[in-house]
Amino acid sequence: MGVDLRQIVAAILTVTMFVMLAQMIKRDHFDSLRETLPGESRDVQFDGANTIIVNDGLVKLSKRSKGPWMEGIQELKPCWSRADFDEIEQSRGYVTFSLTNGPEYHVSQIADAVVVARYLSATLVLPDIRGSKPGDERNFEDIYDVEKFMKSLDGIVKVAKELPNEISIRDLAAVKVPNRVTEDHIVESVEPIFRSKGNIRLATYFPTLNMRKTAQKSSVDSVACLGMFGTLELQAEVVEVVDSMIERLRTLSRKSDGQFIAVDLRVEILKNKNCHGSGSTGAKSCYNAQEIALFLRKVGFGTDTTIYLTQSRWDDSLSVLKDIFPKTYTKETIMPEEKKGKFLESEDSEFEKVIDLYICSQSDVFVPAISGLFYANVAGKRIAAGKPQILVPADIPGTSATVTNYLSPYVAKKNHLAYSCFC
């Protein structure tokens, strides 16, 4: 009995179809999701020249690599000059303060203290650093460079490393000032107390957590700009850790020319925050790992993109992001082993916050999954450094979108106060 060739071919096709069906059934949800999402840069909407100019050339898409990577701009220059400042007068007393709540608050606290001390012709005492837990205190030099701080204020404000022995902390008058303190507030609410008591302890409170610039000009603006953007630098050991982590991330990003994305995504905050849309626009204040993954794919980032998360230690809720972007890392996987004891495994999270702020400020793209002062301060540092590539996530309908539609309003509208300080 002869064999029918058509029967053999049909049998082979049938077996092949069953194998393919079995493979499809084994795929989990996110493998299927990857198949339906857009792939490389061809899914992003470019114009004919492959370049999109935003706000007079503020940001443009890069031609040097695949994906919607954006080029930076030339680093901006400070609008203020030391020549603008009058000579400091004879010191008439002391202003003390502490840095609290993390590095995203430190720059504002420094700026307000410098403005107040300058206006009062007082000596500014080097602050200590206090964490969120009682007794959690550090010296300024544990995180920041003391000599560079004092040198940056030379001729602007007199700085002392500590109070004279004859002045007791109990004799200091406590004074609260709003963030971005104005000259009028100092005249009305601070100066009378200072003249009466001679020495004060300053504390900044934050009526708002945004850093949008205002139309109102003030005589203290240049001093505030210097205090916020020209005084704080990390001490050498912290710089070494940050640099080594960034170098590690760039090494892992060879296929994208060493470029990586930093995402401010902290699970403990997402758990305590209402991330649902609010207001007439339905805008959200935070996005989870799955929403960030979908956003990045829809604006055109490939699955080989390297991502740094500010979450310190891995959490199972992040697996959805790693399923789509396998090169997703937290501090515990890229920090040098010999540095983890001091910078990662201690009960104090101050170092971790500082590391995150500076890595997010230097990444090729920054995505704030959480709104707030951390995002605002990273935006300020990036604008000052000519790195305005900040993408604010959104729930994008459809399968693709133009990446520049999601530039941070701080950049797209040039409404960050950094644009008042840099030209």
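To start, this report covers the structure provided alongside it. Because the structure is predicted, anything quoted here is derived from the model rather than measured. (Residues numbered from 1 in each chain as written. Predicted model: local features only at pLDDT ≥ 70, side-chain atom pairs only at ≥ 80, totals over all residues. Heavy atoms only, no water.)

Moving on, we get to the state of the cysteines. Evaluated as defined, the whole model comprises two disulfides. Between the sulfur atoms of C79 and its disulfide partner C423 the distance amounts to 1.9 Å. Sign of the S-S torsion, about 130° for the bond between C79 and C423, identifies this disulfide as right-handed. Remark: C423 occurs in the segment after helix 16 (418-421) and C79 occurs in the loop between strand 2 (70-71) and strand 3 (94-100); sequence separation between them is 344 residues. A residue is classified by how much of its surface remains accessible, and C79, at 34% relative accessible area, is partly exposed. Each disulfide pairs two cysteine sulfurs, and for C225 the partner residue is C421, the sulfurs being separated by 1.9 Å. (Disulfide = S-S within 2.5 Å. Helix = DSSP H or I, 4+ residues; strand = E, 2+ residues; numbered from the N terminus. Buried < 20%, exposed > 50% of the residue type's maximum accessible area, 1.4 Å probe, protein only.)

In this section: the sheet that holds strand 11 (residues 306-309). Read across the open sheet, the four strands follow the order 12-11-10-13; overall the sheet is parallel. A strand with exactly one partner marks an edge of an open sheet, and here the two such strands are strand 12 (328-329) and strand 13 (365-368). In this sheet, strand 13 lies alongside strand 10 (residues 260-264) in parallel orientation, the contact comprising four bridges. By the bridge assignment for strand 13, A262 is matched with F366. The strands touched by helix 14 (residues 373-384) within the sheet are strand 10 and strand 13, with strand 13 carrying the most contacts at an inclination of about 160°. (Pairing = 2+ DSSP bridges. Contact = heavy atoms within 4.5 Å. Axes fitted to C-alpha atoms, helices over the stretch in contact; angles between N-to-C directions.)

To continue, consider the packing of aromatic side chains. In this description, a pair of aromatic rings is defined by centroid distance and the angle of the planes. Taken as a whole and assessed by the stated rule, the structure comprises nine aromatic pairs. Between W80 and F422, the ring centres sit 5.6 Å apart and the planes meet at 70°, which makes this aromatic pair edge-to-face. With W80 in the loop between strand 2 and strand 3 and F422 in the segment after helix 16, this pair connects stretches of sequence that are 342 residues apart. With relative accessibility at 13%, the residue W80 sits in the buried group. Residue class for F422 comes out buried when judged on its relative accessible area of 9%. With a centroid separation of 5.2 Å and 80° between ring planes, the pair formed by F229 and F422 is classed as edge-to-face. On the criterion of sequence distance, the pair formed by F229 in helix 6 (residues 221-229) and F422 in the segment after helix 16 is long-range, its members being 193 residues apart. Taking the relative accessible area as the measure of exposure, F229 reaches 23% and is therefore partly exposed. (Phe/Tyr/Trp six-rings, centres within 6.5 Å; stacked < 30°, edge-to-face > 60°.)

As a further point, take the nonpolar core. For soluble globular proteins, the rule of thumb is that nonpolar side chains tend to be buried together. By size, the foremost hydrophobic cluster in this structure holds 86 residues, and its most contacted members are L124, Y144 and I200. Among the elements that make up this core, the one with the highest residue count is helix 3 (residues 103-120) (10 residues). If sequence neighbours within four positions are ignored, I200 has contacts with Y94, V95, T96, V116, L120, L172, A173, V175, V190, I193 and F194. If you look at the next biggest cluster of nonpolar residues, it comprises 33 residues, including Y287, V320, V367 and L407. (Core = buried A, V, L, I, M, F, W, Y, C linked by side-chain atoms within 4.5 Å.)

Let us look at the side chain of Q311. In this structure, Q311 sits in the loop between strand 11 and helix 10 (319-324). A distance of 2.8 Å separates a polar side-chain atom of Q311 from the backbone nitrogen of V267. At a separation of 3.0 Å, a polar atom in the side chain of Q311 contacts the main-chain carbonyl oxygen of R313. The residues contacting Q311, other than those within four sequence positions of it, are L265, R266, V267, E268, L318, T330 and K331. (Polar contact = N/O pair within 3.5 Å; in protein donor to acceptor, adjacent residues only side chain to side chain.)

Moving on, we get to the environment of N139. If you trace the backbone, N139 turns up in the loop between strand 6 (137-138) and helix 4 (146-152). Along the chain, N139 and L126 lie 13 residues apart, while their C-alpha atoms are 9.2 Å from each other.

A few words now on the environment of V181. Along the polypeptide, V181 turns up in the loop between strand 8 (173-178) and helix 5 (183-197). Between the alpha carbons of V181 and V220 there is a distance of 9.0 Å; along the sequence they are 39 residues apart. When residues no more than four places from it in sequence are discounted, the contact partners of V181 are D112, V115, V116, I186 and V220.

What follows concerns the pairing of strand 8. Inspection of the sheet shows strand 8 paired to strand 9 (residues 199-205) by six bridges, in the parallel sense. For A173, the partnering residue across the bridge sits in strand 9 and is I200. Between the parallel elements strand 8 and strand 9, the chain passes through helix 5 in a crossover that is right-handed. (Right-handed = clockwise from strand over helix to strand, strands pointing away.)

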